[in-house]
Amino acid sequence: MKYCCLLGLLWLAGCTQNKEMNTTHLYAEPYRPQVHFSPKKSWMNDPNGMVYLNNVWHLFFQYYPDSTVWGPMHWGHATSKDLVHWTEQPVALYPDSIGYIFSGSIVADLNNSSRFGKDGQVPLVALFTQHDPKGEKQGRVDFQNQSIAYSVDEGKTWTKYSRNPVLKNPGSKDFRDPKIMWYEKGKKWIMTLATKDRVSFYTSTDLTQWSKASEFGESLGAHGGVWECPDLFSMNDQGKTIWVLLVSINPGGPQGGSATQYFTGDFDGTRFTTSQTETKWIDQGTDNYAGITWSNTGSRKIFLGWMSNWQYAQAVPTIQWRSAMTIPRELTIAQINGAYYLQSFPVKELAAIEENGITENNLTRADKKLQGPAKLRFVLRAIENFSVTLLNTKGEKWIAGYDKNTDQYYIDRTASGNINFEKGFARKIFSKRISTDSVMDITLLIDDASIEFFADKGTNTLTSIFFPNEKYSTVKIEGGNQFRIDSLAFTPLKSIWIKNSVSEK
Ligand code: FRU
């Protein structure tokens, strides 16, 4: 008996130890992002329901817990106190008889207009698309409808509304991804919905009854694919209100596959209007899709996207999980050559994981050892050709740079490592520089399997994922004869998962 107990205890100790080892191992797998959110296991796509409430940042996401490829969609959930460290929470929404839980948004219903709040609690109200796979199979067109769920315990548990769906399909195969905002001037809620090749706006005073207000975009912007995941919000440019409409599109992105375009203009509570003629992209790289902004953040606008591309997302060589999110980015707006452009840049909260770095001035080239995630910023004295190369001892490399002749930034991942999982993955991509600045100010956020490249205060942003067969260990910056780096800051970043690996039960 005694012996049995001892054996039992040893077994228990073994289990605990194994669990710790497993958890540590989990966040240290090859290609596991160290400063970006990724789910512990399984498939993830779009960010959903991003809302800030009582000092907690909520991130919900398209999630299929049973596989590493897309399937019946749930809403996964993660929370953060600082926008940097994330704790994964239980799955928030499961598919039901109305359908899978597709993309959507959450608002904090501060005035309890929905009457879902009890005893003074602020209800969180989620609006999302329910996609009925049976209806789709039967060849119906009305298989996407909008439903509601609410939470009165700050997002811990969710109740689906008994009268779902609240917005029925008028007869369109593409009728999805509601993003809700409060329009203070007209004291009403606005739903921005992706409806095939345009956006449709609906309004409501109680979040449950919706009337159609207008449509936008049938003949504007990029139309190489279906419109998805829109977001409408206002920004401030020196006292002037500028409205921004984000619209993701798949395929038809500037680099192939999926990407997110945006329009700047005006919104009067009913209609969105713009004088914009050219197509603008929030990120000119390959890997930033379905991004939207957090709600309930006051005048701050914080954006985050899915760091992948539908062209190859389901084939990337990760094992336990698939896909990560971009870093949360602060959005600002600026006028360049008479037109408004969105600028995106990593949130200031990232400073929490910055370690002591190196700053140097007046260099003709730079060569740094990479020992984990890092932030690299360099400023050139003039507009010049340059290249930044990450490489490993196997000779695999990822290159970003600028070509003065064509005035284009580029990213070349043709020799970046494992590239064979999809034939279009390894192309060299180019993007016209939009800026009137006479110096070049570049920031790279380097993680184990991604780089976010921010140039010209985030007006030109390129996100790129990669899968080297051995971690990149060096980063080099080079240029031509006249090349001078005015200043350089190399800042190692701490892994955001270290906390989890010790404290997780
Ligand atoms: C965008 C998207 C959305 C849809 C969801 C399904 O990536 O296709 O339009 O709601 O993904 O997972």
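Note: the structure precedes this text.
Report on the accompanying structure. (Residues numbered from 1 in each chain as written. Predicted model: local features only at pLDDT ≥ 70, side-chain atom pairs only at ≥ 80, totals over all residues. Heavy atoms only, no water.)

### A word on the sheet that holds strand S18 (residues 289–293)
Taken in spatial order, the 4 strands line up as S18-S19-S21-S22 in an open sheet, and their pairing is antiparallel. Here the strands that pair on one side only, and so sit at the sheet edges, are S18 and strand S22 (339–346). Averaged over all neighbouring strand pairs, the angle between strand axes comes to 40°, with direction disregarded. (Pairing = 2+ DSSP bridges. Helix = DSSP H or I, 4+ residues; strand = E, 2+ residues; numbered from the N terminus. Axes fitted to C-alpha atoms, helices over the stretch in contact; angles between N-to-C directions.)

### Observations concerning the layout of surface pockets
Here the largest pocket defines a volume of roughly 870 Å³. Along its surface, the largest pocket is lined by 40 residues, and Met181, Trp182, Ser234, Gly298 and Lys301 are the ones closest to its centre. Elements that contribute at least two residues to the lining of the largest pocket include exactly strand S5 (100–108), strand S9 (176–183), strand S10 (188–195), strand S13 (226–237), strand S14 (240–250), strand S15 (259–267) and strand S21 (329–336). For the lining of the largest pocket, the element with the highest residue contribution is S13, accounting for 6 residues. When the residues that make up the lining of the largest pocket are grouped by side-chain class, the tally is 17 nonpolar, 13 polar and 10 charged. (1 Å grid on protein atoms, 1.4 Å probe; cavity = no way out; pocket = protein on both sides within 12 Å on 5 of 7 lines; lining within 4 Å. Points joined across faces, edges and corners; volume = space filled by probe spheres on them. Nonpolar A, V, L, I, M, F, W, Y, C, P; charged D, E, K, R; others polar.)

### A look at the side chain of Arg176
With respect to the helices, strands and loops of the structure, Arg176 is situated in strand S9. Polar contacts involving the side chain of Arg176 include one to the side chain of Gln144, which spans 3.2 Å. A distance of 2.7 Å separates a polar atom in the side chain of Arg176 from a polar atom in the side chain of Glu228. Residues within four places of Arg176 in sequence aside, it is in contact with Phe102, Thr129, Gln144, Gln146, Leu193, Ala194, Val226 and Glu228. (Polar contact = N/O pair within 3.5 Å; in protein donor to acceptor, adjacent residues only side chain to side chain. Contact = heavy atoms within 4.5 Å.)

### Side note on empty space enclosed by the protein
Under the defined criterion, the tally for this structure stands at 4 cavities of 30 Å³ or more. There is about 130 Å³ of room inside the largest cavity. What lines the largest cavity is a set of 15 residues, and nearest its centre among them are Ser323, Ala324, Ala449, Ile465 and Phe467. Class assignment for the residues of the lining of the largest cavity results in 9 nonpolar, 4 polar and 2 charged. Its boundaries defined by the atoms lining it, the second largest cavity holds a volume of some 80 Å³. As for the second largest cavity, its lining consists of 13 residues, of which Thr286, Arg413, Phe425, Arg427 and Ile429 are closest to the centre. Per-class residue counts for the lining of the second largest cavity are 4 nonpolar, 7 polar and 2 charged.

### Some points on the site of the ligand
Every residue lining the ligand is accounted for by Asn45, Asp46, Gln62, Trp70, Met73, Phe102, Ser103, Arg176, Asp177, Glu228, Tyr289 and Trp310. Measuring from an oxygen atom of the ligand, one finds a side-chain N or O atom of Gln62 at 2.7 Å. Asp177 has a polar side-chain atom sitting 2.6 Å from an oxygen atom of the ligand. Look at the ligand: alone it shows 320 Å² of surface, and the protein chains cover 95% of it. (Near = heavy atom within 4 Å. Areas by Shrake-Rupley, 256 points an atom, 1.4 Å probe, with all protein chains shown as cover.)

### Considering the packing of aromatic side chains
Within this structure, the stated rule accounts for 41 aromatic pairs. Consider the rings of Tyr27 and Trp497, whose centres lie 4.3 Å apart with planes at 25°: the pair is stacked. Placement of the pair is Tyr27 in the loop between helix H1 (2–26) and strand S1 (42–53) and Trp497 in the loop between strand S34 (485–492) and helix H3 (498–503), with a sequence separation of 470 residues. For the pair shown, Tyr27 and Trp497 are each scored as buried. Between Phe37 and Trp497, the ring centres sit 6.4 Å apart and the planes meet at 55°, which makes this aromatic pair tilted. Residue Phe37 is found in the loop between H1 and S1, and its partner Trp497 is found in the loop between S34 and H3; the two are separated by 460 residues along the sequence. On the basis of relative accessibility, which here comes to 3%, the residue Phe37 falls in the buried class. These aromatic residues form a ring-pair network of at least three members: Tyr27, Phe37, Tyr52, Trp57, Phe61, Tyr63, Trp86, Trp294 and Trp497. If you follow Lys280 out to its NZ or CZ, it ends over the ring of Tyr341, 4.7 Å from the centre. Looking at Lys428, its charged tip hangs above the ring of Tyr410, at a distance of 4.4 Å from the centre. (Phe/Tyr/Trp six-rings, centres within 6.5 Å; stacked < 30°, edge-to-face > 60°. Buried < 20%, exposed > 50% of the residue type's maximum accessible area, 1.4 Å probe, protein only. Lys NZ or Arg CZ within 6 Å of the ring centre and 35° of its normal.)

### A short note on the environment of Asn169
Its location among the elements puts Asn169 in the loop between strand S8 (159–160) and S9. Given a relative accessible area of 12%, Asn169 falls into the buried group. With 26 residues separating them in the primary sequence, Asn169 and Phe143 have C-alpha atoms 7.4 Å apart. The residues contacting Asn169, other than those within four sequence positions of it, are Val141, Asp142, Phe143, Gln144, Asn145 and Phe175. Side-chain polar atoms of Asn169 contact the backbone nitrogen of Ser172, separated by 2.8 Å.

### A look at the nonpolar core
Core analysis: the biggest nonpolar cluster contains 37 residues, and Phe37, Leu59, Phe61, Trp86, Trp294 and Met325 have the highest contact counts within it. Of all the elements in the fold, those that place two or more residues in this core are S1, strand S2 (56–64), S5, S18 and strand S19 (302–306). With 5 residues, the single largest contributor to this core is S2. Contact partners of Trp294, with chain neighbours within four places excluded, come to Met50, Val51, Tyr52, Trp57, His58, Leu59, Leu83, Trp86, Lys301, Ile302, Leu304 and Pro328. Counting residues in hydrophobic clusters, the runner-up holds 33 residues, among them Leu380, Ile429, Ile446 and Val475. (Core = buried A, V, L, I, M, F, W, Y, C linked by side-chain atoms within 4.5 Å.)

### Some thoughts on the pairing of strand S32 (residues 460–465)
Within S32, 6 of the 6 residues are buried, which leaves the element mostly enclosed by the surrounding structure. Side chains Asn460, Leu462 and Ser464 of S32 all project onto a buried face; the interleaved residues Thr461, Thr463 and Ile465 project onto the opposite face, where all are buried too. The pairing of strand S31 (residues 450–455) with S32 spans 6 bridges and is classified as antiparallel. Note on S32: the bridge partner recorded for Phe454 is Thr461. Here S31 hands over to S32 after 4 residues, with Asp456 in that stretch at a positive phi of 55°.

### Let's talk about the sheet that holds S10
For sheets, the rule is that strands pair by backbone hydrogen bonds, running either parallel or antiparallel. With respect to topology, 4 strands assemble into an open sheet ordered S9-S10-S11-S12, the strand pairing being antiparallel. Each edge of the open sheet is held by one strand with a lone partner, namely S9 and strand S12 (211–216). Averaged over all pairs of adjacent strands, the angle between strand axes in this sheet comes to 25°, irrespective of strand direction. As defined by bridge partners, S10 adjoins strand S11 (residues 198–204) across 7 bridges and the pair is classed as antiparallel. Note that in S11 the partner of Ala194 across the bridge is Val199.

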